[in-house]
Amino acid sequence: MRGYIAEVKRDFEVYRKMAEKALAQVDDEAFFDSPGPETNSLAVIVKHIAGNLRSRWTDFLTTDGEKPDRNRDTEFELTDADTREALMARWSAGWALASEALDQLSDDDLDRTVYVRWEPHSVLDAIQRQLTHAVYHVGQIVLLARHYARDWHTLSIDKGESEAFNERKRREAEAARRL
């Protein structure tokens with residue numbers, strides 16, 4: 001099961017970096033702008049993910065994932081204290097908590113039950129729930145950042161480069177098999 005934990009950690013890192021690369025392509029005005037009255041800004045999504053990660057991964061195995069000091073509704077409201085720097089610091093702290101909690105899990109822990117909003121979940125289910133929640137919001141971040149970026153740099157394969165990418169990957173795989 002350690003392989004599973006390593007893969008989950010890798011996936012969390014891949015999506016965190018994807019979001020950060022997308023966020024790096026927008027200026028502060030775009031970071032705080034909302035495309036519509038019922039649409040979250042990038043800043044709000046970052047604030048929500050940070051709050052969710054902190055709540056879920058603090059004392060992951062021993063306390064309910066919805067911490068008593070979390071006020072989820074305020075994650076969707078920005079205050080004067082919510083600067084880009086402050087929000088990104090909270091974002092980084094949340095991801096660090098997730099990584100640390102995953103590092104501390106043993107194979108025996110994977111059979112345990114944890115609670116999120118007083119509902120029981122297997123540790124495996126709680127981890128998957130967190131991963132899919134994060135990925136859902138990272139997709140929102142990428143879409144909004146792409147919308148606002150003045151000079152977008154792709155986060156994957158450049159348009160028109162799929163064949164060359166696939167060929168390079170095929171050659172790399174063949175070379176690795178020969179070793």
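Anything mentioned here points back to the structure above.
Computed from a predicted model, the values in this text were never measured in an experiment.

### Here we look at the environment of Asp82
So, step 1. Within the secondary structure, Asp82 sits in the loop between helix H3 (42–57) and helix H4 (84–104).
So, step 2. Here the alpha-carbon distance between Asp82 and Phe32, two residues 50 residues apart in the chain, equals 9.8 Å.
So, step 3. Contacts of Asp82, omitting those with residues within four sequence positions, involve Phe32, Lys47, Glu77, Leu87 and Arg90.
So, step 4. At a separation of 2.7 Å, a polar atom in the side chain of Asp82 contacts the side chain of Lys47.

### Describing the packing of aromatic side chains
So, step 1. On inspection of all chains with the given rule, the structure shows five aromatic pairs.
So, step 2. Arranged with centres 5.8 Å apart and planes meeting at 70°, the rings of Phe12 and Trp95 form a pair that is edge-to-face. With a gap of 83 residues between them, Phe12 in helix H1 (residues 2–23) and Trp95 in helix H4 connect regions that are remote in the sequence.
So, step 3. Relative accessible area serves as the criterion here: at 6%, Trp95 is assigned to the buried category.
So, step 4. Each ring, one from Trp91 and one from Trp95, has its centre 5.4 Å from the other, and the planes form 65°; the classification is edge-to-face. Of this pair, Trp91 and Trp95 both sit in helix H4, four residues apart, which is roughly one turn of the helix.
So, step 5. On the basis of relative accessibility, which here comes to 0%, the residue Trp91 falls in the buried class.
So, step 6. What links up through ring pairs into an aromatic cluster is the set Phe12, Trp57, Phe60, Trp91 and Trp95.
So, step 7. Lying over the aromatic face of Phe31, Arg84 brings its terminal NZ or CZ to 4.5 Å of the ring centre.

The rules we used
- Residues numbered from 1 in each chain as written.
- Predicted model: local features only at pLDDT ≥ 70, side-chain atom pairs only at ≥ 80, totals over all residues.
- Heavy atoms only, no water.
- Helix = DSSP H or I, 4+ residues; strand = E, 2+ residues; numbered from the N terminus.
- Contact = heavy atoms within 4.5 Å.
- Polar contact = N/O pair within 3.5 Å; in protein donor to acceptor, adjacent residues only side chain to side chain.
- Phe/Tyr/Trp six-rings, centres within 6.5 Å; stacked < 30°, edge-to-face > 60°.
- Buried < 20%, exposed > 50% of the residue type's maximum accessible area, 1.4 Å probe, protein only.
- Lys NZ or Arg CZ within 6 Å of the ring centre and 35° of its normal.

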